[in-house]
Structure formats: C-alpha cells, structure tokens
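Architecture and fold: a report
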Amino acid sequence: MCKKSLTLAITAALGLVLAAPGLQAASSSLSATVTRVLVTNDGTYGGCMVGLSVNPAAMLATCGNNYVSFGCSNVNGDQISAYRMLDQAQLALAAKKNVNVVFSDATKYNGYCLATRIDVY
C-alpha cells in the first residue's frame, strides 16, 4: 500500500471512530421508585440528587450507579426547574409513588447523569 493510500485509510478510520454514537451525548429513561433524596450546599452532585430503585447505569452505562442529579446548584442554568423536579421526587418518596425519569449523560455531576424530566404516577 502506498503512503498516500495508507494516509487516506487512516483518515477514514479516524473519521468513523470520531463519528461513533458512543462518543455523543445519549439519553434514556426508566421507571422506578425513589429510595433516597440527597441535598448538598457545596454544589457536590449538582446540589441535589435522588436514589432510584432501578440503576440508571443499567440503561446508560456512562451514568453513575443508582442516582441521578437534578442540578440544583444552578450549574446547568435552570435552578427553578431543578428544585421543582426535586420536589416531585420528594413527593414520590413520601407517597410511595412510582416515577418515570428521563436523563442524559450530556451533563454529569461527579459522574452522575442529569435528569431532565420526572413524572410521578
């Protein structure tokens, strides 16, 4: 193989690797019960997060185990929505209701994925 062909082959292979879906942000959802609520005042874990009975990492391997963050520390820019989602999680915990949580690995706090929606049912 000539040097030019080898360079083109390497460039094409590198393009395929960089365009691989695993390198892009992904999202998933799960149905579970809320098992714990965590709130911090130092911004750790995004300021607030919840433990779930179903492991988010089982749905999206790039997420941390058992928890999702709501981003209450305002790093992501929507503190009001974050606290509203935390309120819903607390309601679900107190009422022993199920939740559906949508989360993404586009933003992570200490390795835990950010929840973008929570439905209580």
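Report follows, based on the coordinates. Just so we're clear, the structure is a prediction, and the values are computed from it rather than from any experiment. (Residues numbered from 1 in each chain as written. Predicted model: local features only at pLDDT ≥ 70, side-chain atom pairs only at ≥ 80, totals over all residues. Heavy atoms only, no water.)

A look at the state of the cysteines
To be explicit about the condition: Pairs of cysteine sulfur atoms within 2.5 Å are identified as disulfides in what follows. Put simply, DSSP marks the helices as runs of H or I at least four residues long and the strands as runs of E at least two long, and each gets a number from the N terminus on. Burial here depends on accessible area, computed with a 1.4 Å probe over protein chains only, as a share of the maximum for the residue type. Under 20% is buried, over 50% is exposed, and the range in between is partly exposed.
Counted according to the given criterion, the structure contains two disulfides. What pairs with cysteine 48 in a disulfide is cysteine 72, and their sulfur atoms sit 1.9 Å apart. Here cysteine 48 and cysteine 72 share a disulfide; its torsion about the S-S bond, 70 degrees, makes the bridge right-handed. Here cysteine 48 is found in strand β2 (residues 48–52), whereas its partner cysteine 72 is found in the loop between β3 (67–69) and α3 (79–95), with 24 residues between them in sequence. Look at cysteine 48 and you get buried, because its relative accessible area is 0%. The partner cysteine of cysteine 63 in its disulfide is cysteine 113, sulfur to sulfur 2.0 Å. Its S-S torsion of about -100 degrees marks the bond between cysteine 63 and cysteine 113 as left-handed, since a negative value means left-handed. Pair noted here: cysteine 63 is in the loop between α2 (56–59) and β3 and cysteine 113 is in strand β5 (residues 112–120), with a separation of 50 residues, a long-range link. In this structure, cysteine 63 and cysteine 113 share a single accessibility class: buried. Assigning the bonded cysteines of the chain consecutive numbers by sequence position, one obtains the connectivity 1-3, 2-4.

Digging into the environment of valine 99
In plain terms, the rule: Contact criterion: two residues are considered in contact whenever any of their non-hydrogen atoms come within 4.5 Å of each other.
Of note, valine 99 is situated in strand β4 (residues 98–109). Taking the C-alpha atoms as reference points, valine 99 and leucine 30, 69 residues apart in sequence, are found 8.2 Å from one another. What valine 99 contacts, discounting residues up to four positions off in sequence, is Leu30, Ser31, Ala32, Val34, Leu52, Ala92, Ile118, Asp119, Val120 and Tyr121.

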